[in-house]
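# Architecture and fold: a report
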Amino acid sequence: MKPGPELKTHPLYLNGQWVRTATSQPVVNPATGEPFAAVCTAAAAAVTRAIEDAQGAFERWRRLPAKARGAYLHAIADQLEARRQEIARTITLENGKPLAQSLGEIAMSVDHLRWFAEEARRVYGRIVPNQVEGKRHWVVKTPIGVVAAISPWNFPLVLAVRKLAPALAAGCAAILKPASATPLCALALAECAEAAQLPAGVLQVVLGPAAQIAGEFLRHPGCRKISFTGSTEVGRELIRGAAETIKPLSLELGGHAPVLVFEDADLEAAVDGAMVAKFRNTGQSCIAANRIFVQRSIYDRFLERLVRQTQGLKVGDGLEDGVQIGPLINRAGLEKAKEHIQDAVRRGARLLCGGRALDRSGWFIEPAVLADVPPPALCMQEETFAPIAAVASFATETEAIALANDTPYGLSAYAFTRDLNRVLRLSESIEAGTLGINDGVPSTSNCPFGGMKQSGWGRELGSEGIEEFVEVKHVSIGLSS
Ligand code: NAP
């Protein structure tokens, strides 16, 4: 599409230059359904060039002391902090989330950058005792090389930073391909990198047809790793594509998080926790509470409180004061939300509140609570990615654990209980990469994040996050007599 003359078209960031191309695509504000900016796009040839430029930059970047690379990451974090009001506004304009949550996303991005700035200095190898006389063994870690980072639209800044910060800290050069819906904050991040005087080619941003760009990342031998966050379907396609070149992949894929609320829980805290786990980011989070299971003896009291709090949520344009629920990302997201509600009701669930699409421009839906949702309902089978709380009851802990694990996904899970023995049992039996106990917001820079089963391969954040971007090499040294 050709954007109208009134739309500002943003260039790509390639090898330290802002580059205009002949093609572009619009960026739409989900609160209005209207384009408000455009970005240049590029196809495979520009990606080839970006990989080759990154190879040159990598050779210089990897030789810097880790402390110096960390200093660049701190400087990028300083830039992000200084521009947080403006960049938060950009996130809200392109993604729709409430401004306070965009500011929170920037704070978390800054924290990730600072965490990995320090982790750069802790990529330790080891010296291993020799088995036979006359030999010595070292295990050394070296940066993997040029990394391609493909990120989604739902946390458009922080999920890109979760890849770029550890990749750069490890000594890799990176090329970011952000989601088409939310390219502007990625370009803003590149501006921060430029202002921090990051050497040319260490971080580049490409935009355009995703499958073509990813095809070049997969094909080109100079691209040594792809780190992807997005849907399980696209993750599967990347695995297929990687078979040819055995390209290493890190995959952060879809989730289907259960929330287990036990009768010994602090009920108020459990409802508060479920509210944030469900409605943060308008329900469009990979760790969003998708299935809420409540023990029978407290089921009605839990529902009553959940409905009251859900009805109190303010829906609107994320730039308006006090808004807690923004629009969904696009029309398809809204249609899927409506379908999940209709399907659940058809199968016998009770719609206790909300669920009506707002009669205004943009893709808004009232936050909803569904009770007695049966297991075959779509919202109990797949990610809803909308502000719809699907609730059902259980009788025993054994049943609750079986319900929680009855999914091909295993990204995150939540449980509310005050029984320490139960906490230990849950921590051993729940199949999820992150388990929040009495905690609706469990992600943090210094702990690993990632999925089991079809939720992905590898981990981001924590001390594990940087390991995804290094090769482990054994050096065996024969000593002269
Ligand atoms: P998506 O459609 O898979 O897109 C994610 C990224 O992949 C975008 O940059 C997209 O580019 C690109 N892409 C699309 N088709 C591709 C292809 N054939 N080859 C390579 N790349 C391709 O996912 P989404 O709708 O943006 O994000 C929502 C999904 O991400 C949900 O399933 C959610 O659970 C998951 N997610 C997981 C995590 C996690 O940490 N595990 C975090 C957040 C989200 P275009 O935008 O240009 O199409």
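Please read these numbers as outputs of a predicted model, since none were measured by experiment.

Quick look at the pattern of salt bridges now. Using the criterion set out here, one finds 26 salt bridges in the structure. Via salt bridges that share partners, Asp 264, Glu 397, Arg 422 and Arg 425 belong to a single interconnected network.

As a further point, take unusual backbone geometry. In this model, Phe 385 sits at a positive phi of 55°, which is unusual for a non-glycine residue. Here Phe 385 is to be found in the loop between α12 (378–381) and β17 (388–394). In this structure, Leu 461 takes a positive phi of about 65° despite not being glycine.

Let us look at the sheet that holds strand β20 (residues 434–437). Through backbone hydrogen bonds, the strands of a sheet pair up, either in parallel or in antiparallel fashion. The strand order across the open sheet built from 7 strands is β15-β16-β17-β14-β13-β19-β20, with neighbouring strands paired in mixed fashion. Looking at the sheet topology across the chains shown, the edges are occupied by β15 (350–353) and β20. On average, each strand axis in the sheet is inclined to that of its neighbour by 25°, with strand direction left out of account. Of the strand pairs in this sheet, strand β14 (residues 289–295) and β17 are connected by 4 bridges, and their pairing is parallel. Across the sheet, Phe 293 pairs through a bridge with Ala 392, a residue of β17. Along the sheet, helix α14 (residues 420–429) makes contact with β13 (257–261), β19 (412–416) and β20, crossing β20 at roughly 165°.

Our next topic: the packing of helix α13 (residues 397–405) against α14. Put simply, α13 and α14 touch, their axes get as near as 11 Å, and they point 30° apart. In terms of orientation, α13 lies roughly parallel with respect to α14. Where α13 crosses over α14, the handedness of that crossing is right-handed. Packed against α13, whose contacting residues are Glu 397, Ile 401 and Asn 405, the element α14 presents Arg 422, Arg 425, Leu 426 and Ser 429 at the interface.

Before going further, it helps to examine the pairing of β17. The buried count for β17 comes to 6 of 7 residues, which makes it a mostly enclosed element. Here 3 bridges tie strand β16 (residues 368–371) to β17, and the two strands are oriented parallel to one another. Bridging across to β17, Leu 370 finds its partner in Ala 390.

By the secondary structure assignment, Leu 12 is in strand β2 (residues 12–14). With relative accessibility at 0%, the residue Leu 12 sits in the buried group. For Leu 12 and Ala 77, which are 65 residues apart along the polypeptide, the C-alpha to C-alpha distance reads 21 Å. Sequence-distant contacts of Leu 12, defined by excluding residues within four places in its chain, comprise Gln 17, Trp 18, Val 19, Thr 21, Cys 40, Thr 41, Ala 42, Leu 187, Val 205, Val 206 and Leu 207.

Domain boundaries assigned for the protein yield domain 1 (9–253 + 455–474) and domain 2 (257–445). Placing the centre of domain 1 and that of domain 2 at their C-alpha centroids yields a distance of 30 Å. In this assembly, domain 1 packs against domain 2 so that about 2,300 Å² is buried in total across both faces, 58% of it on carbon and sulfur atoms. By the criterion of area lost to domain 2, the three top residues of domain 1 are Ala 31, Trp 153 and Ser 455, representing 23% of everything that side buries. Here domain 1 is connected to domain 2 by 0 salt bridges. Linking domain 1 with domain 2 are 11 residue pairs in polar contact (both at pLDDT 80 or more). Mapped onto the side of domain 1 that touches domain 2, the elements with two or more residues apiece are β4 (23–29), α3 (84–95) and α4 (99–119). Among the residues forming the side of domain 1 that touches domain 2, the class breakdown is 13 nonpolar, 12 polar and 7 charged.

What α14 keeps buried is the set Arg 422, Val 423 and Leu 426. In a view along the axis of α14, the buried residues occupy a sector of 105°, so they form one face of it. Of the exposed residues in α14, those oriented more than 90 degrees away from the buried face are Leu 420 and Glu 428. For α14, the elements touching its buried residues are β13, α13, β19 and β20. In this structure Asp 419 caps α14, since a side-chain oxygen of it lies 2.8 Å from the backbone nitrogen of Asn 421.

Rules used throughout
Residues numbered from 1 in each chain as written. Predicted model: local features only at pLDDT ≥ 70, side-chain atom pairs only at ≥ 80, totals over all residues. Heavy atoms only, no water. Salt bridge = Lys/Arg side-chain N within 4 Å of Asp/Glu carboxyl O. Helix = DSSP H or I, 4+ residues; strand = E, 2+ residues; numbered from the N terminus. Pairing = 2+ DSSP bridges. Axes fitted to C-alpha atoms, helices over the stretch in contact; angles between N-to-C directions. Contact = heavy atoms within 4.5 Å. Parallel < 35°, antiparallel > 145°, perpendicular 65-115°, else oblique. Left-handed = near helix turned anticlockwise from the far one by under 90°. Buried < 20%, exposed > 50% of the residue type's maximum accessible area, 1.4 Å probe, protein only. Domains from an automatic or database assignment. Buried area = accessible area lost by both parts, 1.4 Å probe. Polar contact = N/O pair within 3.5 Å; in protein donor to acceptor, adjacent residues only side chain to side chain. Nonpolar A, V, L, I, M, F, W, Y, C, P; charged D, E, K, R; others polar. Arc of directions from axis to C-beta.

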